[in-house]
Amino acid sequence: MAPTLSDTELLACLVAFDTTSSNSNLPLIDFVSDYLDRPGIRLTRNRSPEETKSNLVVELGPEAGDERAGLMLSGHTDTVPAEEPEWRTPPHQLTTVDGRLYGRGSSDMKGFVALAINTAATLDPNAMKAPLALVLTYDEEVGLLGAKQFAETWPASARLPKNTVIGEPTRLEVVRAHKGFVDLRFIFSGESAHSGYPHLGRNAIEPVGKAISALVELRRLLEAEGGPHADEFPDVPYAPLNVGRVVGGVATNVVPDRCVLEISTRPLPGMQPSDLAERIERVVRNAADGEPLEVETMSSSPPLLLAPDAEVHIAAREAVGQTEDKAVSYATDGGWFQQMGFECVVWGPGDIARAHKPNEFIGIDELQRGREVLDPFVRRFCF
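Residues numbered from 1 in each chain as written. Predicted model: local features only at pLDDT ≥ 70, side-chain atom pairs only at ≥ 80, totals over all residues. Heavy atoms only, no water.

1. A short note on the overall build of the protein
Basically, it comes down to this: Helix numbering and strand numbering both begin at the N terminus, where a helix is a DSSP run of H or I of at least 4 residues and a strand a DSSP run of E of at least 2. Within these notes, the globule rule equals 2.2 Å times the number of residues to the 0.38 power, and the radius of gyration is based on C-alpha atoms. We call a residue buried when its accessible area falls under 20% of the maximum for its residue type, exposed when it is over 50%, and partly exposed in between, using a 1.4 Å probe and counting protein chains only. Throughout, a residue-residue contact means that at least one pair of heavy atoms, one from each residue, lies within 4.5 Å. To measure how exposed things are, a 1.4 Å probe is used in the Shrake-Rupley method; for residues, cover is taken only from the protein chains shown. Counting rule for charge: Lys and Arg are taken as positive, Asp and Glu as negative, and neither His nor the chain ends is counted. Taken as the charge location is NZ of Lys, CZ of Arg, CG of Asp or CD of Glu.
What the protein contains, in helices and strands, is nine helices and 18 strands. Taking 2.2 N^0.38 as the reference for a compact globule, 383 residues should give roughly 21 Å; the C-alpha atoms of the protein span a radius of gyration of 23 Å, in line with that estimate. The buried share of the protein, taken over its 383 residues, is 52%. For the protein, the share of sequence-separated contacts (at least 6 apart) that also reach a separation of at least 24 residues comes to 80%. For the protein, the exposed area adds up to about 16,600 Å²; of that, 49% sits on carbon and sulfur atoms. Separation of charge centres in the protein, based on 36 positive and 56 negative side chains, amounts to 2 Å.

In structure tokens form, the structure reads like this:
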């Protein structure tokens, strides 16, 4: 059994693994499994369909039982790339400068993951009255794919605690709601020809222009409509729609035979992502006016909405001294976990404003404060 590292030392180990979503997370999962391989801790891998990545489920204490008592802590193991030239320190080497811990994933969200792992490593399973579970997921950054896989494959009979903390960098504020997302790809087909003889071809880009105009009108309509629980999101109280990418054509003297349009939208809690996707598809097809068109859902995730009087929400707010409800406009694994019957709050050290940027960092004081909050919170649910 390996000796327990400090939270900062463990974070350094986690940051050293390049778990950019394009890479496998299995080396990190192997490390965590070895680190937690001790009596009373049960480890289960929930693998990706290709078995190149894995979620890791860690359980200790008694079984959850029908009432699903106890607590679950969940965080994702993947990160975005760290290829920006502005990095002043090696992105996969945790570096301390003026009380800050720099490294890719330090804030989003290996800081929380380190706290969760060391919590499991230091508890006495025999003294626990209710279980603690950890669920570490893969590919959150590219569509919450690990959480989706977990929701679709984890057996209902393998009960885990209902009360759940999703560890995102919220500056230690408790969040009970967030939007979902749907990313759609529209592929328009035409027929190539020399641009001097355009009547011999069919331009695939032109109907895309019409579709974009129609989507702009839909965006304005969605903004005017608002939607359920819009008051939870005062900055953007509607489902935003973004025309994010258009790719088509090979040269100016060739009539393009293919054009790809990619868009994203973020449904509010209470909206069905599939319903919003169908509405968008109808608008695009009507604008295309019968032109050949294929539609793909690149990724999709449900929103999250936890009742304000849920036990885990009340307890988490008390733990940090928070008096008001909070929501965020990014998505988390909690949307999928809610579909499984988990009651999720989003909470963790670090700041989302530092995520996905060069020179990402978490303050040493933030990590310490996270530990000070988490330890009694776990004891409240598990002892």
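2. Regarding the sheet that holds strand E6 (residues 132–137)
Quick note on the threshold: Criterion used throughout: strands pair if DSSP finds at least two bridges between them. To get an axis, fit a line to the C-alpha atoms, keeping to the stretch in contact for a helix; angles then go from 0 to 180 degrees between the N-to-C directions.
Taken together, the six strands give an open sheet; going across it, the order is E1-E2-E6-E3-E7-E17, and neighbouring strands pair in mixed fashion. Each edge of the open sheet is held by one strand with a lone partner, namely strand E1 (41–47) and strand E17 (343–346). Ignoring which end each strand starts from, the neighbouring axes of this sheet average 20° apart. Sheet topology places strand E3 (residues 71–76) next to strand E7 (residues 163–166); three bridges connect them, and they run parallel. Directly across from serine 74, in E7, lies its bridge partner isoleucine 166. Across the face of the sheet, helix H3 (residues 106–122) comes into contact with E1, strand E2 (54–60), E3, E6 and E7 while running at roughly 145° to E3.

3. Here's the deal with the packing of helix H5 (residues 206–225) against helix H6 (residues 273–288)
Definition in use: Geometric relationships in this document are graded by angle, where less than 35 degrees denotes roughly parallel, more than 145 denotes roughly antiparallel, 65 to 115 denotes roughly perpendicular, and other angles denote oblique. Handedness of a crossing follows from how the near helix is turned relative to the far one, being left-handed for an anticlockwise turn of less than a right angle and right-handed for a clockwise one. All amino acids are sorted into three groups, where Ala, Val, Leu, Ile, Met, Phe, Trp, Tyr, Cys and Pro are nonpolar, Asp, Glu, Lys and Arg are charged, and the leftover types, Gly among them, are polar.
Viewed as axis vectors pointing N to C, H5 and H6 meet at an angle of 140°, and their least axial separation amounts to 8 Å. On the basis of the axis angle, H5 is oblique to H6. Read as a crossing pair, H5 and H6 show a hand that is right-handed. Contacts between H5 and H6 involve Pro207, Lys210, Ala211, Ala214, Leu215, Leu218, Leu221, Leu222 and Glu225 from the first element and Leu276, Arg279, Ile280, Val283, Val284, Ala287 and Ala288 from the second. A per-class count over the contact of H5 with H6 returns 13 nonpolar, no polar and three charged.

4. Let's talk about helix H4 (residues 145–153)
The criterion, for reference: By arc we mean the arc of the directions from the helix axis to the C-beta atoms, nothing more.
Among the residues of H4, Gly146, Ala147, Gln149 and Phe150 are the ones counted as buried. Buried residues in H4, looked at end-on, bunch into an arc of 160°, giving them a common side. Those residues of H4 that are buried lie in contact with E1, E2, E6 and helix H8 (334–339).

5. Looking at the layout of surface pockets
The line we're drawing: In this analysis, the protein atoms alone were mapped onto a 1 Å grid. Cavities are point sets where a 1.4 Å probe fits without being able to get out; pockets are open sets with protein on both sides within 12 Å along at least five of seven lines; lining residues have an atom within 4 Å of a point. Grid points are joined across faces, edges and corners, and a volume is the space filled by probe spheres set on the points.
Each pocket or cavity is described by its volume, and for the largest pocket that value is around 350 Å³. Considering the residues around the largest pocket, the lining is formed by 18 residues, among which Glu140, Glu141, Arg266, Ala331 and His356 are closest to the centre. Partitioning the lining of the largest pocket into residue classes produces eight nonpolar, four polar and six charged. Together, Asp231, Glu232, Phe233, Pro234, Asp235, Val236, Asp325, Lys326, Ala327, Val328, Ser329 and Tyr330 line the second largest pocket. Its residues assigned to classes, the lining of the second largest pocket comprises six nonpolar, one polar and five charged.

6. Some remarks on the side chain of histidine 76
Keep this limit in mind: Under the rule applied, a polar contact is a pair of N or O atoms within 3.5 Å (in protein, one hydrogen donor and one hydrogen acceptor; residues adjacent in sequence only if both atoms are side-chain atoms).
The topology assignment puts histidine 76 in strand E3. Within polar-contact distance, the side chain of histidine 76 engages the backbone oxygen of aspartate 78 at 3.0 Å. For histidine 76, the side chain forms a polar contact with the side chain of glutamate 140, separated by 3.3 Å. The contact partners of histidine 76, leaving out residues within four places of it in the chain, are Asp108, Met109, Val113, Thr137, Glu140, Glu141, Glu168 and Asp333.

7. With respect to empty space enclosed by the protein
Taken as a whole, this structure holds one cavity of 30 Å³ or more when the rule is applied. Taken as a whole, the largest cavity encloses approximately 80 Å³ of empty space. Mapped onto the lining of the largest cavity, the elements with two or more residues apiece are helix H7 (311–320) and helix H9 (364–382). In terms of residue class, the lining of the largest cavity is built from 10 nonpolar, no polar and no charged.

8. Re the environment of glutamate 217
Here glutamate 217 shows up in helix H5. As a C-alpha pair, glutamate 217 and histidine 356 span 139 residues in sequence and 31 Å in three-dimensional space.

9. Side note on the pattern of salt bridges
Threshold: Here a salt bridge means any side-chain nitrogen of Lys or Arg lying within 4 Å of a carboxyl oxygen belonging to Asp or Glu.
With the rule as written, the count across this model stands at 24 salt bridges. Residue glutamate 281 is joined to arginine 285 by a salt bridge in which the shortest nitrogen-to-oxygen separation is 2.9 Å. Pair noted here: glutamate 281 and arginine 285 are both in helix H6, with a separation of four residues, about one helical turn. By relative accessible area, glutamate 281 is classed as partly exposed at 24%. You can call arginine 285 partly exposed: its relative accessible area is 36%. For arginine 380, the salt bridge identified is with glutamate 318, shortest N-O distance 2.8 Å. Separated by 62 residues along the polypeptide, arginine 380 in helix H9 and glutamate 318 in helix H7 bring together distant segments of the chain. A residue is classified by how much of its surface remains accessible, and arginine 380, at 48% relative accessible area, is partly exposed. Through salt bridges with shared partners, a single network forms among Arg176, Glu232, Arg317 and Asp325.

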